[in-house]
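Per-entry structural report
The residues making up each chain are set out below.
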Amino acid sequence: MTDFIHDDFLLHSETSRRLYHNYAAGQPILDYHSHLPAGDIAADRRFQNLSEIWLEGDHYKWRAMRANGVAERYCTGDASPYEKFCAWACTVPFTLRNPLYHWTHLELKRYFGISELLDDTNAKYVWDGANDLLQHGDLKVRGILAKFCVRALCTSDDPCDDLAQHQAVAASGAECRVYPTFRPDNALLVHLPEVFNEWVNRLEQASNRQISSFSSFLGALKQRHDHFHSMGGRLSDHGLPHCYATPCSDAEAARIFSDVRAGKAASSQERERFASVLMLFFGRLDAEKGWTKQLHLGPLRSVNTRAFRDLGANTGFDTIGDERQVASMCAYFDLLDQERALPKTIVYNMNPSDNYAFAAAVGNFHDGSIAGKIQFGSAWWFLDQKDGIEAQLNALSNTGLLARFVGMLTDSRSFMSFPRHEYFRRVLCDLLGREVEAGDLPDDEQLLGTMVRNVCFENARQYLGLELSAAAEKQKKTAVRA
């Protein structure tokens, strides 16, 4: 019986198989958006068991377990690591047709060479085998990065972070380059005075500047942006319900800032205007330095009040929002473009109904200066599965240039997520191969293979301008000579 995860998994035509094995499989990884902790890379962490590396922080799995009737103590609670793993193993058979079923078995195969379909009958076997490799094999963090040919990755970092762990990674000789990403979402929380003021106090310490006015607040943010740049950072990121582009004067923004510092919460209208001023400010900073801005738009976060109160944020209680997105996004781009201050930008949508609207919108702001300057980003969060990936690729292809796409990322907190790149590459090659064999695309292997290679790695390398590991540079030169 053929293993479920086999060489031609998800590849349904001869052309698909040829494109994947000859052009996609061997490409290194540039993971330009993740939530991985730089400290784990600096320390070259060794995980003690499968639960530690696979289940901690994974709200995808927690949601499935809860849906399967698993009590919270086996998700985020005080159950032992093995009890939590067994609860997940019992859930896996019920995830058929959920992407978790694919990801689970792809990860078991690629990390541990385990081909069996996980369930309650073989949980102990899988647990023991995986733990042996985790504790004694080459699967410490840097070994994992080497195993999956990760040449560079970007973390997500608050402006107040001192980036000491990034300095430690750079000094450690780690082959994978690790870069910080500037994520200033806390700077917009003027409707939550207690949270905002505590964060501004941290910003004072991080920037070594007294923040007594809105002007000094902007100065401190710029100082941190400069520091991230000095540490190699070349990307920013914003997680927003929608883009902010409501007119607001600097004087009004200063008044809102002063009120919040005095403990008065901003109204929803004031928050919208204040955030608009800040987002334009951040856009100008990115453009000045040639950075890439990422906009993750549309989630409705922490919708379960009881769960948020008990467990906190990012525990699996966020959902797809249904706000109107495109008018505000175009307005934001337009304001920056009028100043010639629109940076390279990647936008990610949460709602699948927005695919074509987003893909068409970004095409209005290319200016010929950079190929693919404004990108419709890869399928994200609830959409980063086979159907969602194909839908994103189709919307992009039909409204723009797939050949200029910067490809996949993990957006993960887990070092077990790198096979997501393989998953994306298989879906991409299957889509192209099926269309070749249907006569919808030319049977030109050089033409298609070049596009596949570029989408898998080269486009991101050129677009982002990140310095890669020596191994990646050597591979790039070899590919050019070939």
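Residues numbered from 1 in each chain as written. Predicted model: local features only at pLDDT ≥ 70, side-chain atom pairs only at ≥ 80, totals over all residues. Heavy atoms only, no water.

Another point: the overall build of the protein. When helices and strands are tallied, the protein shows 20 helices and 10 strands. When each of the 482 residues of the protein is scored for burial, the buried share is 54%. Long-range contacts, defined as pairs at least 24 residues apart, comprise 77% of the intrachain contacts of the protein with a sequence gap of at least 6. For the protein, the computed accessible surface area is about 20200 Å², with 48% contributed by carbon and sulfur atoms. In the protein, the 52 positive side-chain charges and the 62 negative ones have mean positions that sit 3 Å from each other. (Helix = DSSP H or I, 4+ residues; strand = E, 2+ residues; numbered from the N terminus. Buried < 20%, exposed > 50% of the residue type's maximum accessible area, 1.4 Å probe, protein only. Contact = heavy atoms within 4.5 Å. Areas by Shrake-Rupley, 256 points an atom, 1.4 Å probe, with all protein chains shown as cover. Lys, Arg positive; Asp, Glu negative; His and termini not counted. Charge placed at Lys NZ, Arg CZ, Asp CG, Glu CD.)

Attention now goes to the sheet that holds strand S9 (residues 344–349). Spatially, five strands are ordered S4-S5-S6-S9-S10 in an open sheet, and the strand pairing comes out parallel. Bordering the open sheet on either side are strand S4 (181–182) and strand S10 (374–376), each of which pairs with just one other strand. Bridging between S9 and S10 involves three bridges; their strand directions are parallel. When the bridges of S10 are listed, valine 347 appears paired with phenylalanine 376. In the packing of helix H15 (residues 326–338) onto the sheet, contacts are made with strand S6 (292–297), S9 and S10, and the angle to S6 comes to roughly 160°. (Pairing = 2+ DSSP bridges. Axes fitted to C-alpha atoms, helices over the stretch in contact; angles between N-to-C directions.)

Compared with an ideal rise of 1.5 Å per residue, which puts 15 residues at 21 Å, helix H10 (residues 193–207) spans 20 Å between its outermost C-alpha atoms and is within 8% of the ideal. Along H10, the residues that are buried comprise Pro193, Phe196, Asn197, Trp199, Val200, Leu203 and Ser207. Projection of H10 onto a plane perpendicular to its axis shows the buried side chains occupying an angular sector of 160°, all on one side. In H10, the exposed positions that point more than 90 degrees away from the buried face belong to Glu194, Glu198 and Gln205. The inward-facing, buried residues of H10 contact helix H11 (214–230) and helix H12 (250–261). (Expected span 1.5 Å × (residues − 1). Arc of directions from axis to C-beta.)

Before going further, it helps to examine the state of the cysteines. Inspection of every chain in the model, using the stated rule, returns zero disulfides. Its sulfur unpaired, cysteine 86 is 6.6 Å from the next cysteine sulfur, which belongs to cysteine 90. Cysteine 154 takes part in no disulfide bond, and the closest cysteine sulfur to it belongs to cysteine 176, at a distance of 9.3 Å. (Disulfide = S-S within 2.5 Å.)

All right, on to helix H17 (residues 386–399) then. Along its 14 residues, H17 runs 20 Å from first to last C-alpha, staying within 8% of the 20 Å computed at 1.5 Å per residue. For H17, the full list of buried residues reads Gly388, Ile389, Glu390, Gln392, Leu393, Ala395 and Leu396. Looking at the buried side of H17, the elements it contacts are helix H16 (355–362), S10 and helix H18 (419–437). In this structure glutamine 385 caps H17, since a side-chain oxygen of it lies 3.1 Å from the backbone nitrogen of aspartate 387. (Polar contact = N/O pair within 3.5 Å; in protein donor to acceptor, adjacent residues only side chain to side chain.)

Overall, the coordinates contain 30 aromatic pairs when judged by the stated rule. Seen from their ring centres, phenylalanine 47 and phenylalanine 415 are 6.1 Å apart, and the 50° between their planes marks the pair as tilted. Within this pair, whereas phenylalanine 47 is found in the loop between helix H2 (38–42) and helix H3 (50–54), its partner phenylalanine 415 is found in the loop between H17 and H18, the two being separated by 368 residues in sequence. In this pair, the class of phenylalanine 47 matches that of phenylalanine 415, namely buried. Their ring planes at 70° and their centres at 6.3 Å tell us that phenylalanine 182 and tryptophan 291 sit as a pair that is edge-to-face. Residue phenylalanine 182 is found in strand S4, and its partner tryptophan 291 is found in the loop between helix H13 (268–289) and S6; the two are separated by 109 residues along the sequence. Neither residue differs from the other here; phenylalanine 182 and tryptophan 291 are each classed as buried. (Phe/Tyr/Trp six-rings, centres within 6.5 Å; stacked < 30°, edge-to-face > 60°.)

In this section: the confidence of the model for the protein. Averaged over all residues, the pLDDT of the protein is 96; the fraction at 70 or higher stands at 97%. Low pLDDT, under 50, characterises residues 478–482; the stretch is placed with zero contacts to residues that sit more than four places away or in other chains. (pLDDT = per-residue confidence, 0-100.)

As a further point, take the sheet that holds strand S1 (residues 29–31). Either a parallel or an antiparallel arrangement is found when strands of a sheet pair, and the pairing is made through backbone hydrogen bonds. Spatial ordering of the open sheet is given by S1-S2-S3, a layout of three strands whose pairing is parallel. The sheet is open, and its two borders are formed by S1 and strand S3 (177–179), each paired with just one other strand. If you compare each strand with its neighbour and ignore which way they point, the axes differ by 10° on average. As judged from the three bridges shared by strand S2 (residues 150–154) and S3, these two strands associate in the parallel manner. Residue alanine 152 lies in a different strand from S3, and its bridge partner there is arginine 177.

Core analysis: the largest hydrophobic core is formed by 131 residues, its most contacted members being Leu50, Phe112, Phe217 and Phe418. Per-element accounting of this core gives the leading share, nine residues, to H13. Excluding residues that lie within four positions of it along the chain, phenylalanine 418 makes contacts with Ile29, Asp31, Leu36, Tyr111, Ile144, Leu145, Phe148, Val150, Leu153 and Thr410. Grouped together as the second largest cluster of nonpolar side chains are 19 residues, Cys154, Phe457, Tyr463 and Leu468 included. (Core = buried A, V, L, I, M, F, W, Y, C linked by side-chain atoms within 4.5 Å.)

Below, the discussion takes up the environment of phenylalanine 257. By secondary structure assignment, the location of phenylalanine 257 is in helix H12. Measuring from C-alpha to C-alpha, the distance between phenylalanine 257 and serine 213 comes to 7.6 Å, with 44 residues separating the pair along the chain. Contact partners of phenylalanine 257, with chain neighbours within four places excluded, come to Phe196, Ile211, Ser213, Phe214, Phe217 and Phe274.

Time to look at the side chain of arginine 183. Inspection of the secondary structure assignment puts arginine 183 in the loop between S4 and H10. Only 2.9 Å separates the side chain of arginine 183 from the side chain of aspartate 185, close enough to count as a polar contact. Once you skip the residues sitting within four places of it in the chain, arginine 183 turns out to touch His33, His35, Asp157, Asp158, Pro159, Asp237, His238, Gly239 and Arg301.

So, about the pattern of salt bridges. Per the stated rule, a full pass over the model turns up 34 salt bridges. Between lysine 140 and aspartate 44 there is a salt bridge, with its nearest N and O atoms 3.6 Å apart. Pair noted here: lysine 140 is in the loop between helix H7 (123–136) and helix H8 (141–147) and aspartate 44 is in the loop between H2 and H3, with a separation of 96 residues, a long-range link. We classify aspartate 44 as buried; its relative accessible area is 17%. Salt-bridge contacts for arginine 273 lead to glutamate 252; the nearest nitrogen and oxygen are separated by 2.5 Å. Of this pair, arginine 273 sits in helix H13 while glutamate 252 sits in helix H12, and the two are 21 residues apart along the sequence. (Salt bridge = Lys/Arg side-chain N within 4 Å of Asp/Glu carboxyl O.)

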